[in-house]
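# Descriptive structure summary
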Amino acid sequence: MPSDKLLDILKNAPELARLCTQNGWIDSDTLRYDVIERQSRSVLLAVQFEEIIMEGAGCVADRKPCYGRVRLKFAGDGTNRDIEVI
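Residues numbered from 1 in each chain as written. Predicted model: local features only at pLDDT ≥ 70, side-chain atom pairs only at ≥ 80, totals over all residues. Heavy atoms only, no water.

In this structure, Asn23 takes a positive phi of about 60° despite not being glycine. Within the secondary structure, Asn23 is located in the loop between helix 1 (3-11) and strand 1 (25-39). (Helix = DSSP H or I, 4+ residues; strand = E, 2+ residues; numbered from the N terminus.)

Here you go:
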């Protein structure tokens, strides 16, 4: 699977929010991954991104690095079937 396709899947995966530690949101411009393992119908990725933390006034208060592992599972036709945060 092409790397930009994997990045597109990750940028649209609400499951990645489980890796946030401060109830912020993912800065998709900082989202990166490394392939750890490829299988016929899945791929294990190490992901990292910055979490944006806001103040009550709506200003950016901080950015925290977040990271974790994600397994993407695919159907027989190669379409994304499931995303599991490990």
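Before going further, it helps to spend a moment on the state of the cysteines. Here the structure, examined in full by the defined rule, presents zero disulfides. With no disulfide of its own, Cys20 has Cys66 as its nearest cysteine by sulfur position, at a separation of 5.0 Å. Accessibility expressed as a relative area gives 4% for Cys66, which makes it buried. (Disulfide = S-S within 2.5 Å. Buried < 20%, exposed > 50% of the residue type's maximum accessible area, 1.4 Å probe, protein only.)

Attention shifts here to the pairing of strand 2 (residues 42-54). Where strand 1 lies against strand 2, 10 bridges are found, and the strand directions are antiparallel. Across the sheet, the residue bridging to Val35 is Leu45, located in strand 2. From the end of strand 1 to the start of strand 2, which pair antiparallel, there are two residues. When strand 2 meets strand 3 (residues 60-74), the two strands line up antiparallel, connected through 13 bridges. The residue of strand 3 that forms the bridge with Gln48 is Tyr67. Hairpin connection, strand 2 to strand 3: the antiparallel pair is bridged by five residues, and Gly58 has positive phi, about 90°. (Pairing = 2+ DSSP bridges.)

Moving on to the environment of Gln22. Structurally, the position occupied by Gln22 is in the loop between helix 1 and strand 1. Counting along the chain gives 40 residues from Gln22 to Asp62, while the straight-line C-alpha distance between them is 9.9 Å. Other than its neighbours up to four places away in sequence, Gln22 contacts Glu51, Ile53 and Lys64. (Contact = heavy atoms within 4.5 Å.)

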